[in-house]
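What follows is each chain in one-letter form.
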Amino acid sequence: MDPSEVEFLAEKELVKIIPNFNLDKLYLIGGDLGPFNPGLPLYVPVWLALNLKQRQKCRVVPPDWMDVEKLEEMRELERNAATFTPAPCPYYMELTKLLLNHASDNIPKADEIRTLVKDIWDTRIAKLRLSADSFITQQEAHAKLDNLTLMEINTIRGFLLESLNCMYKLRSNLQPGSSKGPLADY
Amino acid sequence: MPCERKPMRYGHSEGHTEVCFDDTGKFIVTCGHDGDVRIWENLDDDDPRFITVGEKAYSLALKNGKLVTANSSNAVQIHTFPDGEPDGILTRFTTNATHVTFNTSGSKVAAGSSDFLVKVVEVSDSSQQKTLRGHEAPVLSVTFDPKGDFLASASCDGSVVVWNIEEQAQVISWPVLQKTNDVSNAKSLCRLAWQPRTAKFLAVPVETKVHLYERESWNHVTTLSDDLLNQPINVAAWSPCGNFLAAASVGGFIIVWDIESKLCVERQKHEKGFTVCGLAWHPSGSQIAYTDTEGCLGLLEGFRASVPTTNTPKVPAGKPERGYEDLFDDEDDDQVMDEGCSDANSPAKKAASGVQADEEDDDDFVIPATGRVKNRGAILDDENSLDSGSLKFGRPKFGDDNDDDADSAVMTAGPLPATLRPVYEGPQPTPPQKAFQPGSTPVHLTHRFMMWNSVGTVRGYNDEQDNAIDVEFHDTAVHHAMHLTNSLGHTMTDVSQEAVLLACASTNELASKIHCLHFSSWDTNKEWMVDLPQGEDARALCLGQGWAAVATSTLIVRLFTIGGVQREIFSLPGAVVCMAGHGEQLLIVYHRGTGFDGEQALGVQLLQFGRKRRQIINGEPLPISQKSYLCWLGFTAEGTPCYVDSEGVVRMLNRSLGFTWTPVCNTRDTCKSKSDHYWVVGVHENPQQLRCIPCKGSRYPPTLPRPAVAILPFKLPLCQTTTEKGQMEEQFWRSVLFHNHYSFLSSSGYEVDEVGQSQSQKEQQELLMKMFALSCKLEREFRCVELAELMTQNVVTLAIRYASKSRRMALAQRLSEIALEKASQIQEEEQEDVTEYSDIRQTLEDERSQELEEEEGEREIESEDGVEAPKRQLQLKFWMGCMQVLGSGKSSPVSCHPRVKNILDHMTPSRKLAPLSASAGKSNRSPVLKPLPPRAKGKTQEILEARDDQQKKADAPTAPSPICVSKPTLWLEENRKNITADHPDLEETDIIKEAMGLFRNLSADERLAWTERAKGLTGDVKDLKKRKRTEAGGGIENEIGQLEANENDAKKKKAMDPSSKLSAFAFHKD
């Protein structure tokens, strides 16, 4: 899966906007949106929010978790915990990127938030790598990781699966007795 | 002692706090663990100024405009007060100072520190320091001898030491305290207090008691205690007059003793029982401020006001040497105290017994209370500020106190003094609330919302760099955002779809001005300005559709057109509170009189401009919650007056119940915390929305971060809304109330959303039916009948069916009676309608015949005008529809038929009606109001619907209108015979359906031809004839011939109508 595909999925998340125009309900396949009343906040998918924002038709209200204090707290939690803590939002990285790139003027302390989210991301990815490492070195058959977001899984999936396959191949070569021979698929 | 405990409020973060008053008593100053010193103008001050003095502030002292604080950087700093400028560092310790205090004159500061030292520093010259060494543990507190010779300090080593400052030597040391190793571990802060003025006693909190040591002799003379004090006393503080000693304990008790009688005169408990760590008397002695370890600030009000005036001669130094025996042993001789507190007003000499003291309190109480009221006027918009009405009056409270103080028998047993000043104990007048703009935050804020309404927001900035106004529209389609420099100092604003109206009060040189930015103007002048006459100030203003209104200080309301033309001017019966405008309605709230005991006496006027100018509500009292004031006034988007009071209750005008006000929501119900509020910005009836801004811990939102609007639901305060019955009743009545605006709008000539209206009616009937079913289940048949009376006839039939199905024959019987009654009512109404309509018809005919004559000439020329034709067709259709319906749908057709024919005969399109029918065709569901000529669409639509209903219900053949000239109908007329021949079994309605289907199947060309022919019909006979002459097309002639034949044919059919309709009606009635 491509990161852009994950981002595409993230665009379905709802975000609060304050429109500055009047429009009746929009009847879309995915569900009804609106009505849009100027000054009245409502939830719309991120793709629409960004589209409206780019046309200067709305203000984006940052999600609750996109707040310096909350993120700081989360960062501390993430740093102190050995396992993954629940992510602030299943698409936190994607949303941060999208919203901060397109609507940074509506988000107070955008730079700090960017740094904090990057910190959280780095911590989590480091943990992920570490657990992958221990998974391989201890030659475990299976492992369970909770609270991973799609984007995080996606970053490690390609590399991990490839390397596991590779190792499997190597191992089966080393122990010809355990199997009938090198696997045909590889 | 009747003293009032004000609610606590949050001041600092959790931790040690201290409090003091400034010299004038105007400000309360607190410091706390967050390192801030806050300067409160009063307890209700929502926006106290603060000075950050360090990471933590441990102690503060304030005198002569110098604020001394001990902070976590181990320094004792000076700041100027009230500006908060740093003014140098007084002294430093190796660890933090624990307590700082001024001497009486303010020339010296003493500071005790955790490094066991006490330093005495000259404020003017910090190099002049004296260090008092000798404590063997951190110093807890220090206090100066008011005469300047000594200094007392308490320490964690368990000793209380009196020092001679000059000699820097210990005079005496009492090992009375418990030993600890640090201030944080000490059970008590042991704040010592030296009696002011006489300097006779040193109060030392020891465990749960306060020891009094006499000066010079240093004997322990007495101990003050109270049964309630079961935890160590933290703080002791003398009243400014020196007659009372207040002490606060770890358990949150605050006790005040009268020093002469050694009796407790006041007991209060912290509302949550937190440890009180700061205590300060107001310089007038009427209030005690206290702070707790949770960082909250509290205030006790209503102590005796024994103010030592400044011109009091200084107490001679020798006097107190007469000894304390005089004081405590000789009841008659109060001379010492009198001299000690030589204020003429001082009640001290009368205070030989507690009762007398209390009587004095009663007296004195009235004075500070009214004095306070004056202050309150200015801060009226602050939280709780109106509870001046909840002033506790001495008498009744006194009785309560007696119960409390049963142990102090002297108080009750004491004889009442014979001479008492007359005391007014009746209701106290409430200060009238100030005029305000609904939807604005208080004027004194530097950054404020000057207006937030459904159109946009206006923000005002008034700080050192900038005095500006930002106007922003919710809908950027209205206008782009504006930035204005506010050179005139405008304080009032309103914004509408057309203009921004600003006004400022007059200054010494300039008159009060009204400034209008009329951005929707189509000429190049987009603004105008008007000066009010000398001595007249704008107090409130509002904008309506095409007009502006300004209420002034001379009780005049001035109306302007939006372009700046002066219009009507009228007087108000009282000072204006606020105004609101909407469409053609103007709502004014003013002071009807003086309210008492915290109530406001408000009156309300509702005026309607437009064609029929009238006053709808003429100065009736505006009902608001008890002891509250008005917070917001406005109209719903649909035009119903609405207001919110300070208790958070939203009330709406009920036009169907004689212009009464119905509470529709209490915003405080949804608040999580007591200090949270909702700031209302708009009300919508359809959909039911209360738009407001949630404000955490305040009444008003800050301008930054930009607040977001939340939506609250409405809820009528009906009883038992937790039960199903209550819920449905609430829903029903809410639905009824919130759909009142339909009838109002249609009656005042506005377009009405018919779909919404019928939906709401359906909803109401459904609710009634549900309630009916519920009552049925509960075997409440009487209730069922009551409900049935609210239903429409159709629903009653349903109800009958329900009742008979559930085998309640008696109920069904009663219901059928109601159904009959309703049917006859409808019939009566219809008959009334008929007469009404025939009147209208008569007038219409008259008009038309006149126009006919007038336009006769024009006709000749215009008739060929192609552009006109469709329009005329529309008009004609409209009129015909109207007439036809009048004939067929509602009334006895006998009288109608000739009329219809009559009208048809000289039917002329009237151009005057063109816009009418055009707008009737448009369906605009937005809440934006559009004025319409009276009774245009509403009635036709209604009638048309009625006709449809009739057709469906009656199932009787009604002849299709012979005069309906739309293409399909025309085509139908021609092809009717064919259709009937093809489908002989079809009913009339089915024939029409069939015909419609067939017509749709026609080719485009054929349809076009029919369109042409339909157009041809729009002209009257004369037109046709003329066309005949001018246009020499044989085909057309044929067509026209055919048309005429058709018409004749139709007329024949028309002649059949009455009987069939009559039968239909009869059928329907059954």
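Everything numeric in this text was worked out from a predicted model, so none of it was measured.

> I keep staring at the overall build of chain B and nothing clicks. Help me out?
Assigned secondary structure in chain B consists of 20 helices and 52 strands. Counting all 1070 residues of chain B, 55% fall into the buried class. Considering only residue pairs separated by 6 or more positions, chain B has 51% of its internal contacts joining residues 24 or more positions apart. By element, 51% of the accessible surface of chain B is carried by carbon and sulfur atoms, the whole surface being about 48,400 Å².

> What should I look at first to understand the sheet that holds strand E35 (residues 500-504) of chain B in this one?
Residue and element names in this part refer to chain B. The antiparallel open sheet is built from four strands, whose spatial order is E34-E35-E36-E37. Edge strands, defined here as strands with exactly one partner in the open sheet, are strand E34 (492-495) and strand E37 (527-531). In this sheet, neighbouring strand axes are inclined to one another by 10° on average, regardless of whether the strands run parallel or antiparallel. Pairing between E34 and E35: four bridges, direction antiparallel.

> I'm lost on the sheet that holds strand E20 (residues 201-206) of chain B in this one. Help?
Pairing between the strands of a sheet comes from backbone hydrogen bonds, and it takes one of two forms, parallel or antiparallel. Residues and elements named next belong to chain B. The sheet built from four strands is open, its strands ordered E19-E20-E21-E22 with antiparallel pairing. Of all strands in the sheet, those with a lone pairing partner are strand E19 (193-194) and strand E22 (220-224), marking the two edges. Sheet topology note: the strand E21 (residues 209-214)/E22 ladder contains four bridges and is antiparallel. Looking at the pairing, Leu212 lines up with Thr222 of E22.

> I would appreciate a short explanation of the interface of chain B and chain A in the present structure.
Often the size quoted for an interface is simply the accessible area lost on bringing the parts together. Residue-level contacts link nine residues of chain B with 10 residues of chain A. Across the chain B to chain A interface the summed buried area is about 870 Å²; carbon plus sulfur atoms make up 55%. For the pair chain B and chain A, the interface holds one residue pair in polar contact (both at pLDDT 80 or more).

> Explanation requested: the packing of aromatic side chains in the structure shown.
Residue and element names in this part refer to chain B. Applying the stated criterion across every chain yields a total of 17 aromatic pairs over all chains. Aromatic pair Phe714 and Phe738: ring centres 4.6 Å apart, planes at 40°, arrangement tilted. Placement of the pair is Phe714 in the loop between strand E52 (710-712) and helix H6 (724-738) and Phe738 in helix H6, with a sequence separation of 24 residues. With 4.9 Å between their ring centres and 75° between their planes, Phe732 and Trp733 make a pair best called edge-to-face.

> Can you help me understand the nonpolar core in this one?
Soluble, globular proteins show a tendency: their nonpolar side chains are buried together. Residue and element names in this part refer to chain A. Ile17, Phe36, Tyr92 and Ile113 are the most contacted members of the largest nonpolar core, which has 43 residues in total. Among the elements that make up this core, the one with the highest residue count is helix H5 (residues 110-137) (nine residues). With sequence-adjacent residues up to four places away left out, Phe36 is seen in contact with Ile17, Pro19, Phe21, Asn22, Leu23, Asp24, Leu26, Leu42, Val44, Leu48 and Leu52.

> Whenever I open this one, the UniProt feature "repeat: WD" (unreviewed entry) in chain B confuses me. Can you help?
Taking the numbering used here, the UniProt-annotated feature "repeat: WD" (unreviewed entry) corresponds to residues 9-41 and 132-173 of chain B. Along residues 9-41 of chain B, the helical share is 0% and the strand share 45%, with 13 Å between the first and last C-alpha atoms.

> What am I meant to see in the environment of Leu767 of chain B here?
All names here are of chain B. Along the chain, Leu767 turns up in helix H8 (residues 754-777). On the accessibility criterion, Leu767 (4% relative accessible area) is buried. The sequence separation of Leu767 and Glu729 amounts to 38 residues, and the corresponding C-alpha distance is 8.1 Å. Those residues within four positions of Leu767 in sequence are excluded, and the remaining contacts are Met728, Gln731 and Phe732.

> Is there a simple way to explain empty space enclosed by the protein in this structure?
Empty pockets left among the atoms are what a rolling probe the size of a water molecule brings to light. Residue and element names in this part refer to chain B. On inspection of all chains with the given rule, the structure shows seven cavities of 30 Å³ or more. Here the largest cavity is characterised by a volume of approximately 160 Å³. Taken together, 13 residues make up the lining of the largest cavity; nearest its centre are Leu177, Gln178, Lys187, Ser188 and Glu207. A per-class count over the lining of the largest cavity returns eight nonpolar, three polar and two charged.

> Is there a simple way to explain the environment of Arg79 of chain A in this structure?
All names here are of chain A. Along the chain, Arg79 turns up in helix H3 (residues 68-80). Accessibility expressed as a relative area gives 45% for Arg79, which makes it partly exposed. For the pair formed by Arg79 and Ile120, sequence separation is 41 residues and the distance between their alpha carbons is 8.1 Å. Apart from the residues within four sequence positions on either side, Arg79 is in contact with Asp119 and Thr123.

> Please clarify how H8 of chain B should be interpreted in this entry.
The periodicity of an α-helix, 3.6 residues per turn, causes residues three or four places apart in sequence to face the same way. Residue and element names in this part refer to chain B. Compared with the 34 Å implied by 1.5 Å per residue over 24 residues, the 34 Å span of H8 between its first and last C-alpha is a close match. With a side-chain oxygen lying 3.3 Å from the backbone nitrogen of Val755, the N-terminal cap of H8 falls on Asp753. Glu779 occupies a position one or two residues after H8 and carries a positive phi of about 60°.

> Just to check I follow, could you spell out the pattern of salt bridges for this structure?
Side chains bearing opposite charge may pair, as long as their charged atoms lie close to each other. All names here are of chain B. Within the structure shown, the criterion is met by 29 salt bridges over all chains. For Lys200, the salt bridge is made with Glu214, and the minimal N-O distance between the two is 3.9 Å. Here the residue Lys200 occupies a position in the loop between E19 and E20, and Glu214 occupies one in strand E21, the gap between them amounting to 14 residues. Exposure remark for Glu214: the relative accessible area of 11% places this residue in the buried category. Of the charged contacts, one joins Arg459 and Glu472 as a salt bridge, the two residues approaching to 2.9 Å between their closest N and O atoms. Here the residue Arg459 occupies a position in strand E31 (residues 456-462), and Glu472 occupies one in strand E32 (residues 467-473), the gap between them amounting to 13 residues.

> What is the right way to read unusual backbone geometry from this model?
Most of the time, phi is negative for any residue but glycine, and the peptide bond is trans. At the junction of Gly34 of chain A and Pro35 of chain A, the peptide bond is cis and its omega measures out at 0° in the coordinates. Tracing the chain through its elements places Pro35 of chain A in the loop between strand E3 (31-33) and strand E4 (42-45). In the segment running from Asn686 of chain B into Pro687 of chain B, the intervening peptide bond is cis, with an omega of 0°. Summarising the element assignment, Pro687 of chain B is placed in the loop between strand E50 (677-684) and strand E51 (689-695). One non-glycine residue with positive phi stands out, namely Cys190 of chain B, at about 50°. Topologically, Cys190 of chain B is positioned in the loop between strand E18 (169-174) and E19.

> What am I meant to see in a negative patch on the surface here?
Residues and elements named next belong to chain A. A surface patch of like charges, here negative, comprises Asp64, Asp67, Glu69, Glu72, Glu73, Asp111 and Glu112. No other element matches the three residues that H3 contributes to the negative patch. Considering the arrangement of structural elements, one finds Glu73 in helix H3. For Glu73, a relative accessible area of 57% gives the class exposed.

> What's the story with the packing of helix H1 (residues 3-10) of chain A against helix H4 (residues 92-102) of chain A in this structure? I'm lost.
Residues and elements named next belong to chain A. The contact between H1 and H4 brings their axes to 9 Å, and the two run at 80°. Viewed along their axes, H1 and H4 adopt a mutual orientation that is roughly perpendicular. Two secondary-structure elements touch here, H1 through Val6, Glu7 and Ala10 and H4 through Glu94, Leu95, Lys97 and Leu98. When the residues that make up the contact of H1 with H4 are grouped by side-chain class, the tally is four nonpolar, no polar and three charged.

Scoring rules and cut-offs
- Residues numbered from 1 in each chain as written.
- Chains lettered and ligands numbered in written order.
- Predicted model: local features only at pLDDT ≥ 70, side-chain atom pairs only at ≥ 80, totals over all residues.
- Heavy atoms only, no water.
- Helix = DSSP H or I, 4+ residues; strand = E, 2+ residues; numbered from the N terminus.
- Buried < 20%, exposed > 50% of the residue type's maximum accessible area, 1.4 Å probe, protein only.
- Contact = heavy atoms within 4.5 Å.
- Areas by Shrake-Rupley, 256 points an atom, 1.4 Å probe, with all protein chains shown as cover.
- Pairing = 2+ DSSP bridges.
- Axes fitted to C-alpha atoms, helices over the stretch in contact; angles between N-to-C directions.
- Buried area = accessible area lost by both parts, 1.4 Å probe.
- Polar contact = N/O pair within 3.5 Å; in protein donor to acceptor, adjacent residues only side chain to side chain.
- Phe/Tyr/Trp six-rings, centres within 6.5 Å; stacked < 30°, edge-to-face > 60°.
- Core = buried A, V, L, I, M, F, W, Y, C linked by side-chain atoms within 4.5 Å.
- UniProt positions renumbered as here; feature names shortened; annotations may be inferred.
- 1 Å grid on protein atoms, 1.4 Å probe; cavity = no way out; pocket = protein on both sides within 12 Å on 5 of 7 lines; lining within 4 Å.
- Points joined across faces, edges and corners; volume = space filled by probe spheres on them.
- Nonpolar A, V, L, I, M, F, W, Y, C, P; charged D, E, K, R; others polar.
- Expected span 1.5 Å × (residues − 1).
- Salt bridge = Lys/Arg side-chain N within 4 Å of Asp/Glu carboxyl O.
- Patch = residues over 30% accessible without salt bridge, like charges linked within 9 Å, V, L, I, M, F, W, Y side chains within 5 Å.
- Lys, Arg positive; Asp, Glu negative; His and termini not counted.
- Charge placed at Lys NZ, Arg CZ, Asp CG, Glu CD.
- Parallel < 35°, antiparallel > 145°, perpendicular 65-115°, else oblique.

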